[in-house]
Amino acid sequence: MLDFNQLYTVFGGGLLQLAQPLPIIHLLTDSRKLSQPAGTLFFAIRGRYNDGHKYLHQLYLQGVRQFVVEQGDAAELRQRYPEANLLQVPDSLAALQQLAAWHRSRFQIPVVGITGSNGKTIVKEWLAQLLSPDELTVKSPRSYNSQLGVPLSVWQMDQNHTFAIFEAGISQPGEMEKLQRVIQPTLGIFTNIGSAHDEGFASHQQKVAEKLQLFKGVDLLFYCADHTLVHEAVQAEGIKSFTWSRTQAADVTISGTSTVGHKTIIVFKWQGRKERLAIPFTDEASVENALHCVAFLLYRNLPLSEIQDRLDRLHPVAMRLEMKEAINSCYLIDDTYNNDLAGLAIALDLLMNQPQRGRHTVILSDLLESGLPEEKLYRQVAELVQARGVERLIAIGEKVSRYSSLFSVPTEFYTSTADFLAQFQPAQFRNELILVKGARVFEFEKIVQAFQQKVHGTVLEVNLDALVHNLNYYRSKLAPDVRLMVMVKAFAYGSGSFEVANLLQFHRVDYLAVAYADEGVMLRENGITLPIMVMNPSPDSFAKLRQYTLEPEIYSAEQLEAFVSSLEKGAPSKIHLKLDTGMHRLGFTAEDFDALFILLQQHPQVQVVSAFSHLAGADEAVHNDFSQQQISQFRGMAAEVEARLGYSVIKHILNSAGIVRFPEHQLDMVRLGIGIYGVEATGTAQEALRPVSTLKTTVSQVKQIKQGETVGYSRKGMAASDTTIATIAIGYADGYDRRFSNGVGHVLIHGQRCPLIGNVCMDMCMVDVTGLPVKAGDEAIVFGPRLTLVELAKSIGTIPYELLTNVSSRVKRIFYAE
Ligand SMILES: *Cc1c(COP(=O)(O)O)cnc(C)c1O
């Protein structure tokens, strides 16, 4: 095992202090993911949005004693962290990669490197599964394929592994070479080339050339020769290859493909003979992913019958972790594809980010193919579960049951899934967040089914990763000391409430704002501790503000008077002053100042935390002059506020559009709203954001109507010719605007635009699906990444804000991370 002493020999740097000899077992780059301080080496990495150096102190307090840093004065670091081993390097991320590369070079096993635009994770998971009877495979957890994820993946390699599969993903030139040095693949799979990350490259050729860097030293590269760009580049580079193709002679030449039920039959020539295999999928992407795996198994000379057996057991890979509503007010995170230590850690992080969902329960199967000795493995599992605050564990399997004594978290043990289900009593689960994580063979989908509640057909899916992406985009626009307030009024613009607030708290924003006191109370009751501003507090809510430490916006002297008279004499409290600079909604004008400051002088216990104003037209360039005028007026008024108060306050005026349009006026804080929910209000940087919400419903019935027949209320929909219509389960009571009636709106079914026919009803509407193979139960997308809020809002003359916040509360919200 490596110890800190030797690190120095691996990547040099300046050894600032060697306080004690310690082994290096865990590598940590995100302070929030600490689970076992002893044996942890923390790399302080400076990223685009955050800086690991900020968390050294906290980690030291939590018991971490080994650090790799870039910055800091040696003497000061030694003094602050007397018991720590400290190494200083020019680039912490590069050091992490070097350490992983060093670790990798200690193993002589086959290592498969996978890259390509799509399918990397699925090919990796399937190949590992297909090889599992013969090999003990170590692989990247989920989609850990970045500059940071790859070294952490490779670090998992251990003496017991016989095979390794790592994926590599890049977004700009120069990155793959670094990943190649870490992975050092002996075999390669190039899945395909598409448009992902196009923006980082001059051309597809350049992207292919860059990706090929991964395969510099491989013995053999697997790919589909029908991807011409890939094929030509591989040939030009002279990389030894193993190909499959539908159009030309290849190692595996496919001569026919047909669909039979849920399977795709592939006829192909292999070693001079005509053979066939059935792939248990029919969609194109899955068939391509499976064919890469088939090529690999053929190269390994597995008998055809054996390949078929193993293919039959493949299942779709869930690419994201979903949080679903379940029985008895429980929520369920369904992660039933595979179960290994790294995947468990990732899933537990998601659990940890949702502290309000009641008790945290984990249902866990045996961990298969970890490569670790069993006792060591289950000891690590027990530590991880404990460190992540799991309150109840249900362990299923003979192996984990054998190590019951290692678990300190309250645990029930069952020998099999059937054993658990036989004793399952729904009433024993209430108000819990339950992570269901099991290896494929345990068929935990049966457990998921037992917990699941049937949801009414319409759901709003909220992508938590997209929220974080958007948050980071706006953060990257902010000068270093500018604070960030995020608006979570109106159920976080319809996207949930404490779920979103949770995430913002986890990602350390400075302030939240809501419209009404009740919204703030709900956040507090769900454990949100960030400061919260309430923009429209009514006098009857003042007591609640105090009780829940919520900070009111004050916009008039009368309101301030009512507020202070509600306070106990002398009780301190914080307020925010709203100044009217031209919006003419709420706020003080300069004329109101005398009355305001007389009151404030009489009540020095009332502290003005901030002064702010709101732009009336930041989203439209035509109003730029007016916005500038508002800003300069605000600066003047805020200066007067500070002068009269005799202390300084946080000054803020920019909303989402303002952040993009007036970067020079960020002042002390900005107020981010619609942007974090994925709509860029100025319309100039929409592509920098990711859509957050998808509103989906299902088809209830499909029917044929004759030319001239009418559809729906008032007989507004008229069939111009014989027409197939689908009735979908969304209406204006769900928030689907009635202005979409009669061909104005459309939904996506099977990716095709289907126009509305007739009027939108209360709970349903009808769409024209003529010529499409639509059937009851199919999914219909009302808005989402491919049918944008911006476009839909425009079509009915409103704004995305209205469409988002109108989604009714009866529509279930489903939160997921990718
Ligand atoms: C809603 C709101 C914001 C956020 O506006 P967006 O356009 O959604 O960014 C900022 N400030 C105030 C006072 C608001 O009411």
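The coordinates are above.
Residues numbered from 1 in each chain as written. Predicted model: local features only at pLDDT ≥ 70, side-chain atom pairs only at ≥ 80, totals over all residues. Heavy atoms only, no water.

Novice: I would appreciate a short explanation of the overall build of the chain in the present structure.
Specialist: Per the secondary structure count, the chain includes 27 helices and 38 strands. In terms of overall dimensions, the chain is globule-like: its C-alpha atoms have a radius of gyration of 30 Å, near the 28 Å expected for 818 residues. Oriented by its inertia axes, the alpha-carbon framework of the chain measures out at about 95 × 85 × 60 Å. Taking all 818 residues of the chain together, 57% fall into the buried category. (Helix = DSSP H or I, 4+ residues; strand = E, 2+ residues; numbered from the N terminus. Rg over C-alpha atoms; globule rule 2.2 N^0.38 Å. Buried < 20%, exposed > 50% of the residue type's maximum accessible area, 1.4 Å probe, protein only.)

Novice: Would you explain the packing of aromatic side chains in this entry?
Specialist: In this description, a pair of aromatic rings is defined by centroid distance and the angle of the planes. Scanning the model with the defined rule gives 26 aromatic pairs in all. Where tyrosine 414 meets phenylalanine 420, the ring centres are 5.2 Å apart and the plane angle is 85°; that geometry is what we call edge-to-face. Judged by its relative accessible area of 2%, phenylalanine 420 falls in the buried class. Members of the aromatic cluster, connected to one another through ring pairs, are Phe163, Phe222, Phe242, Trp270, Phe296 and Tyr299. Just above the ring of tyrosine 60 sits the side chain of arginine 65; from NZ or CZ to the centre is 3.9 Å. Between arginine 392 and the ring centre of phenylalanine 429, over which it is positioned, the NZ or CZ distance is 4.3 Å. (Phe/Tyr/Trp six-rings, centres within 6.5 Å; stacked < 30°, edge-to-face > 60°. Lys NZ or Arg CZ within 6 Å of the ring centre and 35° of its normal.)

Novice: What am I meant to see in a negative patch on the surface here?
Specialist: A cluster of acidic residues, Glu558, Glu561, Glu591 and Asp592, forms a negative patch at the surface. Looking at where glutamate 558 falls in the secondary structure, it is placed in helix α22 (residues 557-566). (Patch = residues over 30% accessible without salt bridge, like charges linked within 9 Å, V, L, I, M, F, W, Y side chains within 5 Å. Areas by Shrake-Rupley, 256 points an atom, 1.4 Å probe, with all protein chains shown as cover. Salt bridge = Lys/Arg side-chain N within 4 Å of Asp/Glu carboxyl O. Lys, Arg positive; Asp, Glu negative; His and termini not counted. Charge placed at Lys NZ, Arg CZ, Asp CG, Glu CD.)

Novice: Explain the environment of leucine 654 here, please?
Specialist: With respect to the secondary-structure elements, leucine 654 resides in the loop between β28 (650-652) and α25 (656-661). Residue classification places leucine 654 among the buried residues on the basis of a relative accessible area of 0%. Between the C-alpha atom of leucine 654 and that of arginine 671, which follows or precedes it by 17 residues, the distance is 6.0 Å. When residues no more than four places from it in sequence are discounted, the contact partners of leucine 654 are Leu615, Ile659, Phe662, His665, Gln666, Val670 and Arg671. (Contact = heavy atoms within 4.5 Å.)

Novice: Would you mind showing me how to read the packing of helix α5 (residues 120-131) against helix α10 (residues 284-299) here?
Specialist: Angle between the axes and distance between the axes: these two values describe a pair of packed helices. At their nearest, the axes of α5 and α10 sit 10 Å apart, and the two run at 40° to each other. Looking at the two axes, α5 sits oblique to α10. Like other packed secondary-structure pairs, α5 and α10 cross with a definite hand, here right-handed. Judged by residue contacts, Ile122, Val123, Trp126, Leu127, Leu130 and Leu131 of α5 engage Ser286, Asn289, Ala290, His292, Cys293, Phe296 and Leu297 from α10. When grouped by side-chain class, the residues that make up the contact of α5 with α10 number 10 nonpolar, three polar and no charged. (Axes fitted to C-alpha atoms, helices over the stretch in contact; angles between N-to-C directions. Parallel < 35°, antiparallel > 145°, perpendicular 65-115°, else oblique. Left-handed = near helix turned anticlockwise from the far one by under 90°. Nonpolar A, V, L, I, M, F, W, Y, C, P; charged D, E, K, R; others polar.)

Novice: I would appreciate a short explanation of empty space enclosed by the protein in the present structure.
Specialist: Regions of empty space are outlined by a rolling probe, equal in size to a water molecule, passed over the atoms. Inspection of every chain in the model, using the stated rule, returns three cavities of 30 Å³ or more. One number sums up the size of the largest cavity: a volume of about 60 Å³. Among the residues forming the lining of the largest cavity, the class breakdown is eight nonpolar, one polar and one charged. (1 Å grid on protein atoms, 1.4 Å probe; cavity = no way out; pocket = protein on both sides within 12 Å on 5 of 7 lines; lining within 4 Å. Points joined across faces, edges and corners; volume = space filled by probe spheres on them.)

Novice: Sorry, what's going on with the nonpolar core here?
Specialist: Residues Val488 and Leu512 are the most contacted members of the largest nonpolar core, which totals 149 residues. In contact with leucine 512, not counting residues within four places along its chain, are Met485, Val486, Val488, Ala501, Leu504, Leu523, Ile528, Leu530, Pro531, Ile532 and Met533. Leu130, Phe281, Leu297 and Leu298 belong to the second largest nonpolar core, which has 40 residues in total. (Core = buried A, V, L, I, M, F, W, Y, C linked by side-chain atoms within 4.5 Å.)

Novice: Explain the site of the ligand to me, please; I cannot follow it from the model alone.
Specialist: With respect to spatial proximity, the complete set of residues near the ligand consists of Met487, Lys489, Tyr493, Met535, Arg585, His614, Asn655, Ser656, Arg671, Gly673, Ile674 and Tyr801. Histidine 614 places a polar side-chain atom, nitrogen or oxygen, 3.4 Å from a nitrogen atom of the ligand. With respect to the ligand, the backbone of isoleucine 674 contributes an N or O atom lying 2.7 Å from an oxygen atom. Expressed as a share of its isolated accessible area of 390 Å², the protein-covered part of the ligand is 94%. (Near = heavy atom within 4 Å. Polar contact = N/O pair within 3.5 Å; in protein donor to acceptor, adjacent residues only side chain to side chain.)

Novice: Mind showing me how you'd approach the sheet that holds strand β2 (residues 26-28) here?
Specialist: Hydrogen bonds between backbone atoms are what pair the strands of a sheet, whose relative direction is either parallel or antiparallel. Sheet architecture is open: five strands sit in the order β1-β5-β4-β3-β2, paired in mixed fashion. The sheet is open, and its two edges are formed by β1 (14-17) and β2, each paired on a single side. Across the sheet, the mean angle from the axis of one strand to that of its neighbour is 20°, orientation sign disregarded. Strands in contact with helix α1 (residues 4-11) are β1, β3 (40-43), β4 (66-69) and β5 (85-88); relative to β5, the strand with the most contacts, it is inclined by about 10°. (Pairing = 2+ DSSP bridges.)

Novice: I would appreciate a short explanation of the side chain of glutamine 17 in the present structure.
Specialist: Relative to the elements of secondary structure, glutamine 17 occurs in strand β1. Here tyrosine 81 takes part through its backbone oxygen, which lies 2.9 Å from a polar atom of the side chain of glutamine 17. Ignoring any residue separated from it by four or fewer positions in sequence, one finds glutamine 17 in contact with Phe4, Arg78, Tyr81, Pro82, Glu83, Ala84, Asn85 and Leu86.

Novice: Just checking my understanding: could you explain the pattern of salt bridges for this structure?
Specialist: Pairs can form between side chains of opposite charge whenever their charged atoms are close. Enumeration according to the criterion identifies 37 salt bridges in this entry. With a closest N to O distance of 3.7 Å, lysine 33 and aspartate 349 form a salt bridge. Taken as a pair, lysine 33 in the loop between β2 and β3 and aspartate 349 in helix α12 (residues 341-352) lie far apart in primary sequence, 316 residues in all. Residue classification places aspartate 349 among the buried residues on the basis of a relative accessible area of 10%. When the shortest N-O distance is used, the salt bridge between arginine 142 and aspartate 335 registers 3.5 Å. With arginine 142 in the loop between β7 (137-139) and α6 (149-154) and aspartate 335 in strand β16 (residues 330-335), this pair connects stretches of sequence that are 193 residues apart. The structure contains a network of salt bridges with shared partners spanning Lys124, Glu125, Lys139 and Glu167.

Shape descriptors only; they carry no functional weight alone.
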